[in-house]
Amino acid sequence: MARRLDYSARYPLHTTEELYAALRSRDYWEARVAEMRKYSPHNEVVSHEVTDDGIDVVLAHTLPREMLPEIAQAVMRKDMVITRKESWGRFNGEETEGRFSASIPAGPGSLNGTIRLFPTETGTTMRFSPTAKVFIPMVGPRLEQLMLVNLVDLFRAEQEETLRWLDEAAAAAS
């Protein structure tokens, strides 16, 4: 059985327009990946495409096997290479929706979900709704829970970097 959660990243004092503009900027994604190198050394922006219809981003994260929890090391015999894809739809001036997925070659499961960017009274919220599924009897539920807990940590770190990025952009514009 797959596990699901909802996580809301809040950006007080920033508009959806500002956040969507950041998502359109390759410099923003490069800064986010650079920040993630503090947690795992091999991260890169593989592609970043912006069209009138939206945004498509592909990121690669490599986690050395020795950095993985013991339960994950039992399943993964090599470094874990995660390909993460994020796609955002057209921005209507107020909100947009997107999808994301993460895949691991020969990985024993899947991770995907939706993202919604919308305004609030105090700024902007980005709501993630991921679903994790591991196809290994007995340990699958434990690994699914571990994936989601680590994903929340990742979302928090990305939120902090995004706030820093937005604050710097606002300061530079004034």
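For the protein chain, the name recorded in an unreviewed UniProt entry is DUF2505 family protein, with Nocardia camponoti as its organism.

(A) Summary view of empty space enclosed by the protein. Within the structure shown, the criterion is met by one cavity of 30 Å³ or more. Space inside the largest cavity adds up to approximately 50 Å³. Around the largest cavity, the lining residues are Ala9, Tyr11, Leu19, Tyr28, Arg32, Met126, Phe128, Phe155, Glu158, Gln159 and Thr162. Broken down by secondary-structure element, the contributors of at least two residues to the lining of the largest cavity are strand 2 (7–12), helix 2 (26–36), strand 8 (123–134) and helix 4 (140–173). Among the residues making up the lining of the largest cavity, the classes are represented as seven nonpolar, two polar and two charged.

(B) Region of the structure containing the packing of aromatic side chains. For the structure on display, the rule yields seven aromatic pairs. For the ring pair Tyr28 and Trp29, a centre distance of 5.3 Å and an interplane angle of 75° mean the geometry is edge-to-face. Look at Trp29 and you get buried, because its relative accessible area is 0%. Taking 4.0 Å as the distance between ring centres and 20° as the angle between the ring planes, the aromatic pair formed by Phe128 and Phe155 counts as stacked. Here Phe128, found in strand 8, pairs with Phe155, found in helix 4; they are 27 residues apart in sequence, far enough to count as distant.

So, how was this worked out
All residue numbers refer to positions counted from 1 along the written sequence of the respective chain. Local features in this predicted model are restricted to residues whose pLDDT is 70 or higher, and side-chain atom pairs enter the listing and the counts only when it is 80 or higher, whereas totals over whole chains, interfaces and linings include all residues. Side-chain metrics rest on all non-hydrogen atoms present in the structure, leaving aside hydrogens and water. Buriedness of a pocket was judged along seven lines, with at least five required to meet protein on both sides within 12 Å; pockets are open sets of points on a 1 Å grid over the protein atoms alone, cavities are sets where a 1.4 Å probe fits but cannot get out, and lining residues have an atom within 4 Å of a point. Grid points are joined across faces, edges and corners, and a volume is the space filled by probe spheres set on the points. Numbering of helices and strands runs from the N terminus, with a helix taken as a DSSP run of H or I at least four residues long and a strand as a DSSP run of E at least two residues long. The residue classification treats Ala, Val, Leu, Ile, Met, Phe, Trp, Tyr, Cys and Pro as nonpolar and Asp, Glu, Lys and Arg as charged. All others, Gly included, are polar. The pairing test for Phe, Tyr and Trp rings, Trp by its six-membered ring, is centres within 6.5 Å, and the orientation test on the planes gives stacked under 30 degrees, edge-to-face over 60, and tilted for anything in between. Burial classes follow relative accessibility: with a 1.4 Å probe on protein chains only, a residue under 20% of its type's maximum area counts as buried, one over 50% as exposed, and anything between as partly exposed.

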